[in-house]
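The residues making up each chain are set out below.
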Amino acid sequence: MPIYNLYKEREGTARRGEDYKEVVIEYMEGLNYMVERDSAFHSTLDDIQFVNKATGDKVVAEAKAYSTGLSPNDFRDELARYFLEYIKQPQPHRFDFYIFTETLSNDQLWKALFDRDVTDNQKLVDFYEKLKDSVNDEVVDRLDDTDVDEFRDFAIDTHVFVGTYDDLRQQAHQLEKTERFQYEPYLHSYEPVSEETEYATNLFQVTRYPETLYIIETTEDAESARVYNYNNEAFPIKLHERKLYSLVHPDHLPGSTRHYIHEDRFETREFEEFLQTRAQEEERENIVRSLLRGIFTLVARDNDCLIDREKGTTVYPELDRRQHGTERKLGRSWVAKELDSYPDVIHRGVKVRVRRYAGEYHYVLLPTQVFTSDGRRPVTGERKSRLQNDFSPNRFHAQNSKYDRQLRVWEELLMSDQTQLDRFMGEKIPVVKELEVTRVDSLSLNVRPPKDGDERDELIESASDLESTGGIEQ
């Protein structure tokens, strides 16, 4: 199969190991593939397995960050193992094998084996025989049961991609920008599918609630624009009918908020008791959602994130160039970085919603993109429209593995482990330690994906109700 040179006329920056593997995944996602399984063939193989979202075709990829050059002779053991896995599959279901490497050595042998335009049949036969003579002993017997025609089929289905970390990232960026290979399932009409399917979710269930709710009397001139002024916009407070509902003790509220309350005139209630209040249910729901959302934004702010309330609540990581340079990363994933083609910054943010399903409250995180001029202030007007068009967030669909990967970033960013938002505020504001949240990894549904937001809520509510009653409809 062909050998693809992805590099430009420049020297790329070599990255190693997991970073290179991560950018290979981004590039494959740009080609409309999603990660299906990671390193599942053999403990000695570092493979990444992909499936095409439109066709279902399988690809197995190997990422080799060798800046000194990769030769087929250096790669014999791995090639032999992948070849054996390839022929083990039924012929209609065999995978394509992709090799990603920063640079090649022994170019002529690579071309003789894997470039369809210059394939040298004798060299292919010689290399196949060399495999049988020189690979690890544990696979020799299995290779003896194969023939060169099967290896030739494997070579035809092998693709070699040559490019550095920066080359692959640039190519992935261009594929994402042009959406050339994007599969849009919602543009097609389908008959309803009635089969049990596990769906990944963007839900984080509240499994332990704050203990105390403070209901504080406000001054005559209290109004939303003043109470939510400055940095207290992130706090778990809600102004309603001349009273301030707060999960934070009055003494620990920001000064600009305390100016509009009577600090010594408040009552306390158990928060969970308040959740069960029957009277004024709609008002109570709005208060509870605002308070829970406020805990999220409080923790986010204290972890160097910014809050945008222009349309709902959007949270995005700040990029401080003095601290982060041109890119802010969490682990191996970037959360904010300068754009290559614009003087602006792109941030991986989330829209935060709070919803109640089966009697329990859940955070609903909707991955989105925010563009700023300086790492903090969102761009507006025509420039915002242009950036949104060039980097459309509408490609985030539930079946896209990017969606789940971005949620994992926020799970790591905002939670000290996978169950509790507890480490950022210390003892001063105990509500952060009192709240416990657990990721709902999947839901088992007997229907197709929902066609719109309203149907989604109905389906999730139905599935959650059945789970909470042991699968028995009431």
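You'll find the structure just up there.
Predicted, not measured: the structure shown is a model, and the values here were computed from it. (Residues numbered from 1 in each chain as written. Predicted model: local features only at pLDDT ≥ 70, side-chain atom pairs only at ≥ 80, totals over all residues. Heavy atoms only, no water.)

### Here's the deal with the overall build of the protein chain
Phase 1 of the analysis: Looking only at helices and strands, the protein chain has 16 helices and 18 strands in total.
Phase 2 of the analysis: Counting every position in the protein chain, which comprises 474 residues, the buried fraction comes to 48%.
Phase 3 of the analysis: Put simply, of all contacts in the protein chain between residues at least 6 apart along the chain, 67% involve residues at least 24 apart.
Phase 4 of the analysis: Surface accessibility of the protein chain: about 23,700 Å² in total, with carbon and sulfur atoms responsible for 42%. (Helix = DSSP H or I, 4+ residues; strand = E, 2+ residues; numbered from the N terminus. Buried < 20%, exposed > 50% of the residue type's maximum accessible area, 1.4 Å probe, protein only. Contact = heavy atoms within 4.5 Å. Areas by Shrake-Rupley, 256 points an atom, 1.4 Å probe, with all protein chains shown as cover.)

### Focus: the pairing of strand β16 (residues 345–357)
Residues in a regular strand project their side chains so that they alternate between the two faces of the sheet.
Phase 1 of the analysis: For strand β13 (residues 314–317) and β16, the ladder comprises two bridges, and the chain directions are antiparallel. Residue pairing for β16: Val315 is matched across the bridge by Val350.
Phase 2 of the analysis: In this sheet, β16 lies alongside strand β15 (residues 333–338) in antiparallel orientation, the contact comprising three bridges. Residue pairing in the sheet places Ala336 in a bridge with His347 of β16.
Phase 3 of the analysis: The turn linking β15 back onto β16 is made up of six residues.
Phase 4 of the analysis: Here β16 pairs with strand β17 (residues 360–372) via 13 bridges, running antiparallel. Across the sheet, Val352 pairs through a bridge with Leu365, a residue of β17.
Phase 5 of the analysis: Between β16 and β17, which pair antiparallel and follow one another directly, the connecting turn spans two residues, one of which, Ala358, has a positive phi of 50°. (Pairing = 2+ DSSP bridges.)

### Structural notes on the environment of Lys130
Phase 1 of the analysis: Here Lys130 lies in helix α4 (residues 121–134).
Phase 2 of the analysis: Dropping the residues within four chain positions of it, Lys130 is found in contact with Asn73 and Arg76.

### As for the packing of aromatic side chains
Phase 1 of the analysis: All chains considered together, the criterion is met by 21 aromatic pairs.
Phase 2 of the analysis: Ring geometry for Tyr209 versus Tyr361: centroids 6.4 Å apart, planes at 85°, classification edge-to-face. Of this pair, Tyr209 sits in the loop between β7 (197–208) and β8 (212–218) while Tyr361 sits in strand β17, placing them 152 residues apart in sequence.
Phase 3 of the analysis: We classify Tyr209 as buried; its relative accessible area is 7%.
Phase 4 of the analysis: Taking NZ or CZ as reference, Arg348 lies 3.8 Å from the ring centre of Trp334, over its face. (Phe/Tyr/Trp six-rings, centres within 6.5 Å; stacked < 30°, edge-to-face > 60°. Lys NZ or Arg CZ within 6 Å of the ring centre and 35° of its normal.)

### Remarks on the pairing of strand β4 (residues 58–64)
Phase 1 of the analysis: Of all seven residues in β4, six are buried, a share of seventy percent or more.
Phase 2 of the analysis: By the bridge criterion, five bridges tie strand β3 (residues 47–52) to β4 in an arrangement that is antiparallel. Bridged to Val51 within β4 is Lys58.
Phase 3 of the analysis: The turn linking β3 back onto β4 is made up of five residues, and Gly56 within it adopts a positive phi angle of 80°.
Phase 4 of the analysis: Pairing of β4 with strand β5 (residues 96–101) involves six bridges; the strand directions are parallel. Opposite Val59, over in β5, you have Asp96 as the bridge partner.

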